[in-house]
Amino acid sequence: TARFQAETPFDALCIDFVRSRVYLALPEPFGKPEEGRKGLERILDTLRGRGRAKLEPSFEGELEVLEVTINYFLAEAARIGGEKGRARDHYRRVLELDPASDFGSKAFVHLGELE
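Scope of this entry: the structure provided in the associated data block. Along every chain, residues carry numbers that run from 1 in the direction the sequence is written. Selection of residues for local features in this predicted model requires a pLDDT of at least 70, selection of side-chain atom pairs for listing and counting requires 80 or more, and totals for whole chains, interfaces and linings are taken over all residues. Side-chain descriptors were evaluated using all non-hydrogen atoms of the structure, hydrogens and water having been removed beforehand.

The secondary structure content of the protein chain amounts to 5 helices and 0 strands. Helix and strand definitions here come from DSSP, where helices need a minimum of 4 consecutive H or I residues and strands a minimum of 2 consecutive E residues; each element is numbered from the N-terminal end. Each helix and strand of the protein chain, placed in order from N terminus to C terminus, yields the pattern α-α-α-α-α. Here the globule rule is a power law, 2.2 Å times the number of residues to the power 0.38, and the radius of gyration is based on C-alpha atoms. By the compact-globule yardstick of 13 Å for 115 residues, the protein chain fits well, its C-alpha radius of gyration being 15 Å. Principal-axis analysis of the C-alpha atoms gives the protein chain an extent of 45 × 35 × 20 Å. Scored against the burial criterion, the 115 residues of the protein chain give a buried share of 35%. Relative to all contacts within the protein chain whose residues are 6 or more apart in sequence, the contacts with residues 24 or more apart total 47%. Note on areas: Shrake-Rupley with a 1.4 Å probe; residue coverage comes only from the protein chains shown. On the protein chain, roughly 7,400 Å² of surface is accessible, and the fraction owed to carbon and sulfur atoms is 54%. His residues and chain termini do not enter the charge count, which takes Lys and Arg as positive and Asp and Glu as negative. In this description, the location of a charge corresponds to atom NZ of lysine, CZ of arginine, CG of aspartate or CD of glutamate. Computing the positive centroid from 18 side-chain charges and the negative centroid from 21, the protein chain places the two 5 Å apart. When accessible area is computed with a 1.4 Å probe and restricted to protein chains, residues below 20% of their type maximum are described as buried, those above 50% as exposed, and intermediate ones as partly exposed. Residues count as neighbours in contact if any of their non-hydrogen atoms are within 4.5 Å of one another.

Structure below.
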C-alpha cells in the first residue's frame, strides 16, 4: 500500500482527518471507533487553537467546513453510542457554525429528537 507524505501541516491534518473518519466509520473489529473519535477531537483542538495559524487551507472557509464536518461526525457517533449530552453539544456547534448547510439541517432535526 502507498503511504502519503504530508508536505504541509494542512496536508497532515487532512490525512489525520481521513484516517480518523475511517476508524470511526468501520465496524468492529476493523474499525477503531474510540481512536477515530479521539483523532477527530485532536483535529478540532488544532482548529480552535494556536495550531490553526500554521494551516494553509486550499480555499477560504475550508477550515470552517472541516470544523462543521467533524462536529457532525462526532455528534452522529455520540448519538449512535447513546451519549446524548455529547451528541447535543456537537449538534449545537454545527448549528452555530453553519445552520444553513446540509449538516446544519440534519443537526437541527437530530437535536430536536434528542430534546
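What follows continues from the structure just given.
On to the environment of P57, then. One can find P57 in the loop between α2 (33–48) and α3 (62–80). Residue classification places P57 among the partly exposed residues on the basis of a relative accessible area of 31%. A sequence separation of 11 residues divides P57 from T46, and the C-alpha atoms of the two residues are 13 Å apart. P57 has contacts with F10, E62 and L63, leaving out every residue within four places of it along the chain.

In this section: a nonpolar patch on the surface. In this scheme, patches are assembled from residues that exceed 30% relative accessible area and form no salt bridge. Like charges are connected within 9 Å, while nonpolar side chains (Val, Leu, Ile, Met, Phe, Trp, Tyr) are connected within 5 Å. By definition here, a salt bridge exists when the distance from a side-chain nitrogen of Lys or Arg to a carboxyl oxygen of Asp or Glu is within 4 Å. Where nonpolar side chains cluster on the molecular surface, the patch consists of V18, V22, L26 and F30 and spans about 380 Å² of accessible area. With respect to the element layout, F30 can be found in the loop between α1 (9–25) and α2. Residue classification places F30 among the exposed positions, given a relative accessible area of 65%.

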